[in-house]
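# Coordinate inspection notes
Single-letter residue listing:
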Amino acid sequence: MPVIDAWMQHPTLRHSNHEMFESLRRWTGLGLLEQALPVELTVAALEAADVETGLSAAWYGPQGALISNDEVAGFVAEAGGRLRGVAGADLARPVEAVRELRRAVQELGFVALRVVPWLWELPPTDRLYYPLYAACVELGIPFCTQVGHTGPLKPSETGRPIPYIDRVALDFPELTIVCGHIGYPWTTEMIAVADKHENVYIDTSAYTARRYPPELVDYLRGRGRRKVLFGTNYPMITPAQALEHLDRLELDGEARELFLSGNARRVFAL
């Protein structure tokens, strides 16, 4: 069954070796990279788990681009159709950020915007996000963001689904919002927000299938089968690692197909 990875990134050295990821390196046992990861290695990791498309994101923070939109476009060009680009944006320059988002979508063919709130230490309700939300609606693309606690050494408060995602969805009912990292330890809140708002979704990135909270598994099997997307947070977790215990979820055929690819294909118009 084909798979779409809704949250991943092909890293640069600026991204992988950043000091804020020291906690992740400690958890995973991975050291600092001595040279940039080849795109073919990422493609091979996707192929090994039948991932037909990885949504590879840019990363922008207060100190600049850790992975720029143009770097992502270069990775996509090397990947033989296996990657699609997800734009990043510099929140500190909102007008320039909107222009850059339009360029990324209209000229580079990117399919979404992702902003990581903890990187900025600004919740998704901050005024600097709002021009980008309007641009996403105009461009017909989803806004992707992180929910839940932070693994990197940054405060977790910005990842609360309530009040932040709830408020944004109320202010922009036409905006499609994909919330990565399942929202733990506020997963029940995240499910409530996804139930409440037609255009709010959850992706499972940063967790392997055996670590999904029971309430998320129940949601995925039942009423939330059209609301949950598979993601990895590659390269921290490979697709093969993330899917190793998929059968333990006991998903029926429809739920399994929607989770692995159908929902992402619809939400990102792939």
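Predicted, not measured: the structure shown is a model, and the values here were computed from it.

### Notes on the sheet that holds strand 6 (residues 113-115)
- As summarised here, the arrangement of the five strands in space is 6-7-8-9-10, forming an open sheet in which the pairing is parallel. Edge strands, defined here as strands with exactly one partner in the open sheet, are strand 6 and strand 10 (228-229).
- Of the strand pairs in this sheet, strand 9 (residues 200-203) and strand 10 are connected by two bridges, and their pairing is parallel. Bridging from a neighbouring strand, Ile 202 pairs with Val 228 of strand 10.
- Across the face of the sheet, helix 8 (residues 161-171) comes into contact with strand 7 (143-146), strand 8 (177-180) and strand 9 while running at roughly 170° to strand 8.

### Let's talk about unusual backbone geometry
- A cis amide bond links Ile 162 to the next residue, Pro 163, at an omega of 15°.
- In this structure, the amide linkage connecting Tyr 184 to the following residue, Pro 185, adopts the cis form with an omega of 10°.
- Checked against the element boundaries, Pro 185 lands in the loop between strand 8 and helix 9 (187-196).
- Its identity is not glycine, yet Glu 121 carries a phi of approximately 55°, on the positive side.

### A word on the packing of aromatic side chains
- For the structure on display, the rule yields nine aromatic pairs.
- An angle of 75° between the planes, with centres 4.9 Å apart, marks the rings of Tyr 133 and Phe 143 as edge-to-face. Within this pair, whereas Tyr 133 is found in helix 7 (residues 130-139), its partner Phe 143 is found in strand 7, the two being separated by 10 residues in sequence.
- The class of Phe 143 is buried, set by a relative accessible area of 1%.
- On the basis of an interplanar angle of 85° and a centroid distance of 5.9 Å, the ring pair of Phe 230 and Phe 259 is categorised as edge-to-face. In this pair, Phe 230 sits in the loop between strand 10 and helix 11 (239-243) while Phe 259 sits in helix 12 (residues 253-267), placing the two residues 29 residues apart along the sequence.
- For Phe 259, a relative accessible area of 1% corresponds to the buried category.

Conventions and cut-offs
- Sequence order sets the numbering: in each chain, residues are counted from 1 along the sequence as written.
- Thresholds applied to this predicted model are a pLDDT of at least 70 for local features of residues and 80 or more for the giving and counting of side-chain atom pairs; totals over whole chains, interfaces and linings are not thresholded and use all residues.
- To obtain the side-chain values, all non-hydrogen atoms of the structure were included, while hydrogens and water were left out.
- In short, DSSP must find at least two bridges between two strands for them to pair.
- Elements are defined by DSSP. Helices are runs of H or I of four residues or more, strands are runs of E of two residues or more, and each kind is numbered from the N terminus.
- For this analysis, residues touch if any pair of their heavy atoms sits within 4.5 Å.
- Inter-axis angles, ranging from 0 to 180 degrees, are taken between N-to-C directions of lines fitted to C-alpha atoms, where helices are fitted over the stretch in contact.
- Between rings of Phe, Tyr and Trp, where Trp is taken as its six-membered ring, a pair exists when centres lie within 6.5 Å; planes separated by under 30 degrees are stacked, by over 60 edge-to-face, and by other angles tilted.
- For every residue, the accessible area (1.4 Å probe, protein chains only) is compared with the maximum for its type, and the residue is labelled buried under 20%, exposed over 50%, or partly exposed between those bounds.

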